[in-house]
Amino acid sequence: LKGRITVFNAGAERVLGYGRDELIGQATPEILHDADEIREHAERLRAEDGVEAAGFDVFVDRARRGIAEAREWTYIRSDGARMTVELAVTALRDSTATPFGYLGMAVDVTVRRNAEEALRAAHDQLERRVRERTIEIEMALGRLEEEVADRTRAEARLRESEQRFRMLADSM
């Protein structure tokens, strides 16, 4: 339970750019993670759970305690490129429920995150366009209301003028 990687599949090799020989038995999952995120999650564990954890324990603490957790992490590929994954860690337990290892399953969520960002941007653009259009409509409505008021006043003046004309014509 030292956190050393014991299995690293071909898909992980392809996506992350590391060879199995580089990691199996040689490294912990920390090599794949952003150090700042590890520290931030350690602080979250301390604040939310009252747990002091560092390094590998940050990834497995909740699984060790039987708490299911899947969360987003930034993986750093061998070439330094970053990708967002959703990582679920499960404790592997023996017949006495004692952990003998951990299984981490990571799914690349970059496409999902990009789609969410595009959706957010489209939503923001739509909101901006709705606000702009609402202002235009309110201004047009104001102009129409002014025009209706002007016409109402003109009609009233025309009726008054008509009445005066009839009175004048009737008095002749």
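A.B. asks: Explanation requested: the pattern of salt bridges in the structure shown.
C.D. replies: Where charged atoms from two side chains of opposite charge approach closely, those side chains can pair. Using the criterion set out here, one finds 21 salt bridges in the structure. Among the ionic pairs, Glu69 bridges to Arg62, the shortest N-O distance being 2.6 Å. We note a salt bridge from Arg113 to Glu72, for which the minimum N-O separation is 2.7 Å. Of this pair, Arg113 sits in helix α5 (residues 110-170) while Glu72 sits in strand β1 (residues 70-76), and the two are 41 residues apart along the sequence. The exposure class assigned to Arg113 is partly exposed, which follows from its relative accessible area of 33%.

A.B. asks: Any chance you could explain the environment of Gly25 here in plain terms?
C.D. replies: With respect to the helices and strands, Gly25 occurs in the loop between α2 (20-23) and α3 (35-49). For the pair Gly25 and Gly3, spaced 22 residues apart in sequence, the C-alpha separation works out to 9.3 Å.

A.B. asks: Can you help me understand the layout of surface pockets in this one?
C.D. replies: Over the atoms a probe the size of a water molecule is rolled, and this reveals where empty space is left. Of the pockets and cavities examined, the largest pocket occupies roughly 880 Å³. If you go around the largest pocket, you meet 34 residues; those closest to its centre are Val7, Phe8, Leu103, Gly104 and Met105. Contributing elements (two or more residues each) for the lining of the largest pocket: α1 (10-16), α4 (56-64), β2 (82-93) and β3 (99-108). With 9 residues, β3 is the largest single contributor of residues to the lining of the largest pocket.

A.B. asks: Just checking my understanding: could you explain the packing of α3 against α4 for this structure?
C.D. replies: To characterise two packed helices, one gives the angle between the axes of the helices and the distance between these axes. It is at 8 Å that the axes of α3 and α4 come closest, and there the two elements cross at 35°. α4 is crossed by α3, and the crossing has left-handed handedness. Residue-level contacts link Ile38, His41, Ala42, Leu45, Glu48 and Asp49 of α3 to Val58, Phe59, Asp61 and Arg62 of α4. Split into classes, the residues belonging to the contact of α3 with α4 amount to 5 nonpolar, 1 polar and 4 charged.

A.B. asks: How should I be thinking about the nonpolar core in this particular structure?
C.D. replies: Soluble, globular proteins show a tendency: their nonpolar side chains are buried together. If you look at the biggest cluster of nonpolar residues, it comprises 26 residues, and the most contacted ones within it are Phe8 and Leu16. Counting only elements with at least two residues in this core, the list comes to α1, α3, α4, β1 and β2. Phe8 has contacts with Glu13, Leu16, Tyr18, Arg20, Leu23, Ile24 and Leu32, leaving out every residue within four places of it along the chain.

The rules we used
Residues numbered from 1 in each chain as written. Predicted model: local features only at pLDDT ≥ 70, side-chain atom pairs only at ≥ 80, totals over all residues. Heavy atoms only, no water. Salt bridge = Lys/Arg side-chain N within 4 Å of Asp/Glu carboxyl O. Helix = DSSP H or I, 4+ residues; strand = E, 2+ residues; numbered from the N terminus. Buried < 20%, exposed > 50% of the residue type's maximum accessible area, 1.4 Å probe, protein only. 1 Å grid on protein atoms, 1.4 Å probe; cavity = no way out; pocket = protein on both sides within 12 Å on 5 of 7 lines; lining within 4 Å. Points joined across faces, edges and corners; volume = space filled by probe spheres on them. Axes fitted to C-alpha atoms, helices over the stretch in contact; angles between N-to-C directions. Left-handed = near helix turned anticlockwise from the far one by under 90°. Contact = heavy atoms within 4.5 Å. Nonpolar A, V, L, I, M, F, W, Y, C, P; charged D, E, K, R; others polar. Core = buried A, V, L, I, M, F, W, Y, C linked by side-chain atoms within 4.5 Å.

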